[in-house]
Amino acid sequence: EGETEVHVPLPGRHMVMNALAGTAVGLELGLSLEEIRRGIEKVEALNGRFHMIEHNGMLIVDDCYNANPMSMKASLGILKDAMGRKVAILGDMGELGENEKELHREVGTFAGNCGIDLLICVGTLAKEIAGAAKESSIQAEKQLEAVSFDTLEELLMHLGEQVKQGDTILVKASHFMNFGKIVEALQK
């Protein structure tokens, strides 16, 4: 009953949908629109769940709590609207079953078409992401640089050569990949 303007402090259209769902629940529970607005505007991302960190002229998007094909594509879709050079550091997704290679390639095809500038992949399955991204970016006639590392340690040795001031950097993989170490390294 009535209307109010709300700033949703987390990026992505899906967060607007979450806020609308929360508003419906709040109204059903008897909260006022003002109480709901204040609650939505105080929302903060948890570490590892699209948590944004500004450091050394870079915007680091820590989304390494978990990953599946849908969440990878959603995060890449948000990254494409970021400022500066758009960098995605993606790793293996676990527990995908017998179609795991195909599902990683599906994410790569999406990445190759969504306007990011640099794709860095880590892990055996993530190589499928890099390969499909290169193929789809060539077909779409978009400029995408894609590099692949076998291990997290190998990437960490070369991380400083890959990123620079002004970058917006998405860091995303399944939790077992320990990508929190990348987020830590980017803040040194």
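Positions within a chain are numbered from 1, following the residues in the order the chain's sequence is written. Predicted model: local features are reported for residues with pLDDT of at least 70 only, side-chain atom pairs are reported and counted for 80 or more only, and whole-chain, interface and lining totals are derived from all residues. Hydrogen atoms and water are omitted, and side-chain values are computed over all heavy atoms in the structure.

J.: I'd love a proper account of helix 6 (residues 152-162), names of residues and values included.
T.: The buried label goes to any residue with under 20% of its type's maximum accessible area, the exposed label to any with over 50%, and the partly exposed label to all in between, with areas taken from a 1.4 Å probe on protein chains only. Helix and strand definitions here come from DSSP, where helices need a minimum of 4 consecutive H or I residues and strands a minimum of 2 consecutive E residues; each element is numbered from the N-terminal end. If you check which residues of helix 6 are buried, you get Leu152, Leu155, Leu159 and Gln162. For helix 6, the buried positions fall inside an angular range of 80° around the axis, keeping them on one side. Seen from the open side of helix 6, the exposed residues pointing more than 90 degrees away from its buried face are Met157, Gly160 and Glu161. Packed against the buried residues of helix 6 are strand 3 (86-91), strand 4 (118-122), strand 5 (145-149) and helix 7 (180-186). Here the arc refers to the directions that run from the helix axis out to each C-beta atom. We call two residues contacting when some pair of their heavy atoms lies within 4.5 Å.

J.: So what's going on with unusual backbone geometry? Which residues, and what values?
T.: Both trends apply: most residues other than glycine have a negative phi, and most peptide bonds are in trans. In this structure, Asn56 is a non-glycine residue whose phi angle is positive, near 50°. Turning to its location among the elements, Asn56 is positioned in the loop between strand 1 (51-55) and strand 2 (58-62). You will see that Asn178, though not glycine, has its phi angle at about 60°, which is positive. Along the chain, the position of Asn178 falls in the loop between strand 6 (168-172) and helix 7. You can call Asn178 partly exposed: its relative accessible area is 42%.

J.: Run through the side chain of Asp62, naming residues and quoting values.
T.: Here Asp62 is to be found in strand 2. Under the counting rule used here, the positive set is Lys and Arg, the negative set is Asp and Glu, and His together with the chain ends is not counted. Salt bridge, as used here: a side-chain nitrogen of Lys or Arg that lies within 4 Å of a carboxyl oxygen of Asp or Glu. For the buried Asp62, which has no salt bridge, the nearest side chain bearing the opposite charge is Lys172, at an N-O separation of 8.8 Å. What qualifies as a polar contact is a pair of N or O atoms within 3.5 Å, subject to a donor-acceptor requirement within protein and to the restriction that residues adjacent in sequence count only when both atoms come from side chains. Side-chain polar atoms of Asp62 contact the backbone nitrogen of Cys64, separated by 3.4 Å.

J.: Explain the pairing of strand 1 to me, using residue names and the numbers behind them.
T.: Any two strands between which DSSP finds at least two bridges are classified as paired. Where strand 1 meets strand 2, 5 bridges bridge the pair, whose relative direction is antiparallel. Paired with Met52 across the strands is Val61, a residue of strand 2. Taking the residues that link successive antiparallel strands as the turn, the strand 1-strand 2 hairpin has 2 residues, and the phi of Asn56 there is positive, at about 50°.

J.: Go over the nonpolar core, please, and point to the residues and values.
T.: Counting residues in each nonpolar core, the largest one holds 24 residues, and the members touching the most others are Leu76, Ala88, Leu90, Ile116 and Leu119. No other element matches the 4 residues that helix 5 (residues 126-139) contributes to this core. When neighbours within four sequence positions are excluded, Ala88 is seen to be in contact with Leu76, Leu79, Ile116, Leu118, Leu119, Ile120 and Leu170. In terms of nonpolar packing, the next biggest core, distinct from the first, is built from 22 residues, Cys64, Ile120, Val122 and Phe179 among them. Among buried residues, those of type Ala, Val, Leu, Ile, Met, Phe, Trp, Tyr and Cys that are joined through side-chain atoms within 4.5 Å constitute a nonpolar core.

J.: Can you explain the pattern of salt bridges? Please cite residues and give values.
T.: Applying the stated criterion across every chain yields a total of 6 salt bridges. Among the salt bridges present, the one from Lys172 reaches Asp63, with a minimum N-O distance of 3.2 Å. With a gap of 109 residues between them, Lys172 in strand 6 and Asp63 in the loop between strand 2 and helix 3 (69-79) connect regions that are remote in the sequence. Classification of Lys172 as buried rests on a relative accessible area of 2%. One network of salt bridges, in which partners are shared, links Arg105, Glu128 and Glu135.

J.: A description of the environment of Leu27 should follow, citing residues and the corresponding values.
T.: Its location among the elements puts Leu27 in helix 1 (residues 13-28). Judged by its relative accessible area of 37%, Leu27 is partly exposed. Setting aside residues up to four positions removed in sequence, Leu27 forms contacts with Leu33 and Ile36.

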